[in-house]
Amino acid sequence: MKIFSETVRVLRTILKERYYQKAALLGAVAFAAMDYWFMSRVTTWSMFFHHAADGEYGPYSILYAAVFTVSTAATIVLFGVSSALLVWQFKRSLFSSKKSAGFAGLGALAGAFGATCPVCGAFLLQLLGLTSGVAAFPLLGLEFKFLTLGIIGATTIYSAKRVATVLDGTCETCVVPQRASAQPAIAMPAEKVLTAV
C-alpha cells in the first residue's frame, strides 16, 4: 500500500501545476482519440451497446459491456496521468524516462489492440490475419484491456516512484541541474587583465 500512497502523493504534487494538468489532459485525449479511431474501424459505441443489450456477447453481455467501458475509461485516465509524469521526467532530463516512455508506448499499442468489438472484430487483429478477431479469445478481447491497464498502471507507478526520489532528494543517479553559485568571481589583478588583452 505504501507504493500507492506514494504514487498518489506524487500525482498530487505534480498535477498542482497547470502545465502538467494540460499534459495529462492532452495525453488522455490523444489516447481516447486513438482508441476511438481504432474502434470506429469496426463498429461504433452505439452498435457496441446495442449488441450488448441483445446478448450477442454471451450470457454476460451487459457485464462484459460494463467492464469494457470502465476499463476503457480507466485506461484513458491512467494514460493521461502517465503522460504528465513522463513530461515531468523529460523536462528534468531523467534518463529513466526513456524506459518509461517505452512502456507507455507498449501500453498504447496494447490499447490499440483492445479497441475492439467481439461481434464486429478488431481492426489490428484483422490486419495481422486473425479474421475471427477477439472472438477467438476466452474473454472476448478483455485480455487486451487488462493488459493495457496493467502496463500503463505499472508505468505510472514506476514513473511516480522515480519522481518521488527526485522530489524527496534521495535520487543518487539523477542529474539535477545546479543553480549558478552566488559566490563572487575571483578578482584578477588589473595588470593580468591588461596583458591578456
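Quick caveat, the model's predicted, so the values are computed rather than measured. Each chain carries its own residue numbering, running from 1 in the direction its sequence is written. At least 70 in pLDDT is required for a residue's local features to be given in this predicted model, at least 80 for side-chain atom pairs to be given and counted, and no such filter applies to totals for whole chains, interfaces and linings, which use all residues. Only hydrogens and water are set aside; all other atoms, that is, all heavy atoms of the structure, feed into the side-chain values.

Chemist: I keep staring at the overall build of the chain and nothing clicks. Help me out?
Modeler: Of the regular secondary structure elements, the chain holds eight helices and zero strands. Starting at the N terminus, the α and β elements of the chain follow one another as α-α-α-α-α-α-α-α. Remark: exposure states derive from per-residue accessible area (1.4 Å probe, protein chains only) relative to the maximum for the residue type, with buried under 20%, exposed over 50%, and partly exposed in between. Within the chain, the fraction of its 197 residues that count as buried is 39%. Using a 1.4 Å probe, the Shrake-Rupley method yields the accessible areas, and only the shown protein chains count as cover for residues. For the chain, the exposed surface amounts to about 11,600 Å²; the carbon and sulfur share of it is 68%. Counting from the N terminus, the helices are the DSSP runs of H or I reaching at least four residues and the strands are the DSSP runs of E reaching at least two.

Chemist: I would appreciate a short explanation of the pattern of salt bridges in the present structure.
Modeler: Note that side chains of opposite charge can pair when their charged atoms are close. The rule for a salt bridge is simple: a side-chain nitrogen of Lys or Arg has to be within 4 Å of a carboxyl oxygen of Asp or Glu. Counting across every chain of the model gives two salt bridges. For Arg 9, the salt bridge identified is with Asp 168, shortest N-O distance 3.2 Å. In this pair, Arg 9 is assigned in helix 1 (residues 2-14) and Asp 168 in helix 7 (residues 142-168), connecting sequence segments 159 residues apart. Given a relative accessible area of 44%, Asp 168 falls into the partly exposed group. In this structure, the salt-bridge partner of Asp 35 is Lys 145, at a minimum N-O distance of 3.7 Å. Here Asp 35 is found in helix 2 (residues 18-40), whereas its partner Lys 145 is found in helix 7, with 110 residues between them in sequence.

Chemist: What should I look at first to understand the environment of Val 81 in this one?
Modeler: Looking at where Val 81 falls in the secondary structure, it is placed in helix 4 (residues 61-91). With relative accessibility at 14%, the residue Val 81 sits in the buried group. Sequence-wise, Val 81 and Leu 15 are 66 residues apart; in three dimensions their C-alpha atoms are separated by 8.6 Å. When checking whether two residues touch, look at their non-hydrogen atoms; a contact exists if any pair is within 4.5 Å. Ignoring anything within four residues of it in the chain, the contact list for Val 81 reads Leu 11, Ala 24 and Thr 156.

Chemist: Mind showing me how you'd approach the confidence of the model for the chain here?
Modeler: Do not read the predicted coordinates in detail wherever pLDDT is low. With 63% of its residues at a pLDDT of 70 or more, the chain shows a mean pLDDT of 75. Each residue gets a pLDDT score, which is the predictor's confidence in that residue and runs from 0 to 100. Of the regions scoring below 50 in pLDDT, residues 177-197 engages in one contact with residues more than four places distant in sequence or in other chains.

Chemist: Could you clarify how one ought to interpret the packing of helix 2 against helix 4 in this entry?
Modeler: Fitted lines through C-alpha atoms serve as axes, helices being fitted only where they are in contact, and the angles separating the N-to-C directions of these axes extend from 0 to 180 degrees. The interhelical angle for the contact between helix 2 and helix 4, taken along N-to-C directions, is 135°, at an axis separation of 7 Å. Relative to helix 4, the element helix 2 lies oblique. Here helix 2 and helix 4 pass one another in a crossing that is right-handed. Counted together, Tyr 19, Tyr 20, Ala 23, Ala 24, Gly 27, Ala 28, Phe 31, Ala 32, Asp 35 and Met 39 of helix 2 and Phe 68, Thr 72, Thr 75, Ile 76, Phe 79, Gly 80, Val 81, Ser 83, Ala 84, Val 87, Trp 88 and Lys 91 of helix 4 form the full contact between these two elements. Residues belonging to the contact of helix 2 with helix 4 are distributed by class as follows: 15 nonpolar, five polar and two charged. Each angle is binned into one of four classes, with values under 35 degrees roughly parallel, values over 145 roughly antiparallel, values of 65 to 115 roughly perpendicular, and all other values oblique. Crossings are sorted by hand: turned counterclockwise from the far helix by less than a right angle, the near helix makes the crossing left-handed, and turned clockwise it makes it right-handed. Here the nonpolar group is Ala, Val, Leu, Ile, Met, Phe, Trp, Tyr, Cys and Pro; Asp, Glu, Lys and Arg are the charged ones; every other residue, Gly included, is treated as polar.

Chemist: What am I meant to see in a nonpolar patch on the surface here?
Modeler: Patch definition: residues above 30% relative accessible area lacking any salt bridge, with like charges linked at up to 9 Å and the nonpolar side chains Val, Leu, Ile, Met, Phe, Trp and Tyr linked at up to 5 Å. Where nonpolar side chains cluster on the molecular surface, the patch consists of Met 1, Ile 3 and Phe 4 and spans about 360 Å² of accessible area. Note that Ile 3 resides in helix 1. Taking relative accessible area as the criterion, Ile 3 reaches 35% and is therefore assigned partly exposed.

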